[in-house]
Amino acid sequence: MRLINAFALLSLLALLTAPPVCAQVTFGASGDEGAPFRRQEWRVPSPDADMAAHALLFRPASAGPFRLAVIAHASTQNGLRRAQMPQPEYRALAAFLVARGFAVLVPERLGHGATGGRYVEDQGGCDEADYARAGRATADEISRALEFLRKQDFIRKDAAIVIGHSAGGWGALALVNADPKTISTIIAFAPGRGGHANDEPNRICAPNTLVAAAAEFGGAARIPVSWLVAANDSYFAPAFSQKLAEAFRGAGGKTDFHVLPAVGGEGHAMIETEAGVKAASGELARALNPPKPVATKKP
């Protein structure tokens, strides 16, 4: 009897310590469409082959094909805050884009909220911050989601746009070396990393390192960037944001830099609000539909 019990105990122990059987990861729509704007949950590829990133898709009422807009959300170095982040929606911005014929994907990157998993965008400590590496990691996640949606029948294969916010905007800047036929323009709202160092407004961790990384991105740029910041942004204030944009432009990047009116108590979150989207609507419209060059006759 003791021998049987011993075998039973060993069998139970083996079950408890065995590696988990990984379920097959499936991508695509994971729920029904709803309001507003055919809102639908999706799962898209991530850098971890065993994990799908959560995403929301919004689109017009017709069948398409639609131009694609990917919105890259903000982030934080604080692990607890990342874990508690709600699914990003940017609903007012999505409404603005859907009204102009875009399908809008808002993917949630690894290490955030319901997606979970490892945080691949870690910039490191202040003294050894690697902002270029962090930006490229974010860009890789944006690119995976974008490429998966481009394979869908209702999405156009060309002229996608990427709109990034804060760390998402920084990752968008790292995408400027992509094929201009695939991504026609990038719109970055207060792009950067390391803002609010130690939770202090207007304090940036290793600012010179951030400027150098902006120049590195600009040196490889192939896609034009609209660089927007609110007048009351305390993460990357207009003066510092302009310094970043000038470093990007000085290295060869093409960017239009604009300071937008103050919105709310903290302008860094402007693009998450209806008032912020309204304040940015003029620059957004210009970035989405840049004027075509006028042909001139040869003398």
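Here, the structure is the one placed above.
Summarised in this report is the structure supplied together with it.

## Side note on the pattern of salt bridges
Thinking step 1. Tallied over the entire structure, the rule returns 14 salt bridges.
Thinking step 2. Across the salt bridge formed by R59 and E33, the nearest N and O atoms sit 3.1 Å from each other. One end of the pair, R59, is in the loop between β3 (52-58) and β4 (67-72); the other, E33, is in the loop between β1 (28-29) and β2 (40-45), with 26 residues separating them in the sequence.
Thinking step 3. The class for R59 is buried, based on a relative accessible area of 8%.
Thinking step 4. Where E89 meets R39, a salt bridge forms, and the shortest distance between an N and an O atom there is 3.0 Å. One end of the pair, E89, is in the loop between α2 (79-83) and α3 (91-98); the other, R39, is in the loop between β1 and β2, and 50 residues separate them in sequence.
Thinking step 5. Given the relative accessible area of 22%, R39 is considered partly exposed.
Thinking step 6. Look at the salt bridges and you will find they share partners, linking E33, R38 and R59 into a network.

## Notes on helix α6 (residues 207-219)
Thinking step 1. Between its terminal C-alpha atoms α6 stretches 19 Å, which fits the 18 Å expected from 13 residues at 1.5 Å a residue.
Thinking step 2. Within α6, the full set of buried residues consists of L210, V211, A213, A214, F217 and G218. For α6, the angular spread of the buried residues around the axis is 160°, confining them to a single face. Of the residues in α6, the exposed ones pointing more than 90 degrees away from the buried face are N208 and G219.

## Details of the sheet that holds strand β8 (residues 225-230)
Thinking step 1. One open sheet accounts for nine strands, arranged β1-β2-β3-β5-β4-β6-β7-β8-β9; its pairing is mixed. Of all strands in the sheet, those with a lone pairing partner are β1 and β9 (255-260), marking the two edges.
Thinking step 2. Seen against the sheet, α3 touches β3, β4, β5 (102-107) and β6 (160-165) and runs at an angle of roughly 155° to β5.
Thinking step 3. On the sheet, helix α4 (residues 131-150) packs against β1, β2, β3, β4, β5, β6 and β7 (183-189) and is oriented at approximately 115° with respect to β2.

## Overview of α3
Thinking step 1. Of the residues making up α3, those classed as buried are L93, A94, F96, L97 and V98.
Thinking step 2. On its buried face, α3 sits against β3, β4, β5, β6 and α8 (274-288).

## Focus: the pairing of β4
Thinking step 1. Counting buried residues along β4, six of its six residues qualify, which places the element largely inside the surrounding structure.
Thinking step 2. What you see with β4 is no split at all: R67, A69 and I71 on one side and L68, V70 and A72 on the other are buried throughout.
Thinking step 3. Across four bridges, the pairing between β4 and β5 is parallel. Its bridge partner lying in β5, V70 is registered against L105.
Thinking step 4. Here four bridges tie β4 to β6, and the two strands are oriented parallel to one another. For I71, the partnering residue across the bridge sits in β6 and is I163.

Rules of the game
- Residues numbered from 1 in each chain as written.
- Predicted model: local features only at pLDDT ≥ 70, side-chain atom pairs only at ≥ 80, totals over all residues.
- Heavy atoms only, no water.
- Salt bridge = Lys/Arg side-chain N within 4 Å of Asp/Glu carboxyl O.
- Helix = DSSP H or I, 4+ residues; strand = E, 2+ residues; numbered from the N terminus.
- Buried < 20%, exposed > 50% of the residue type's maximum accessible area, 1.4 Å probe, protein only.
- Expected span 1.5 Å × (residues − 1).
- Arc of directions from axis to C-beta.
- Pairing = 2+ DSSP bridges.
- Contact = heavy atoms within 4.5 Å.
- Axes fitted to C-alpha atoms, helices over the stretch in contact; angles between N-to-C directions.

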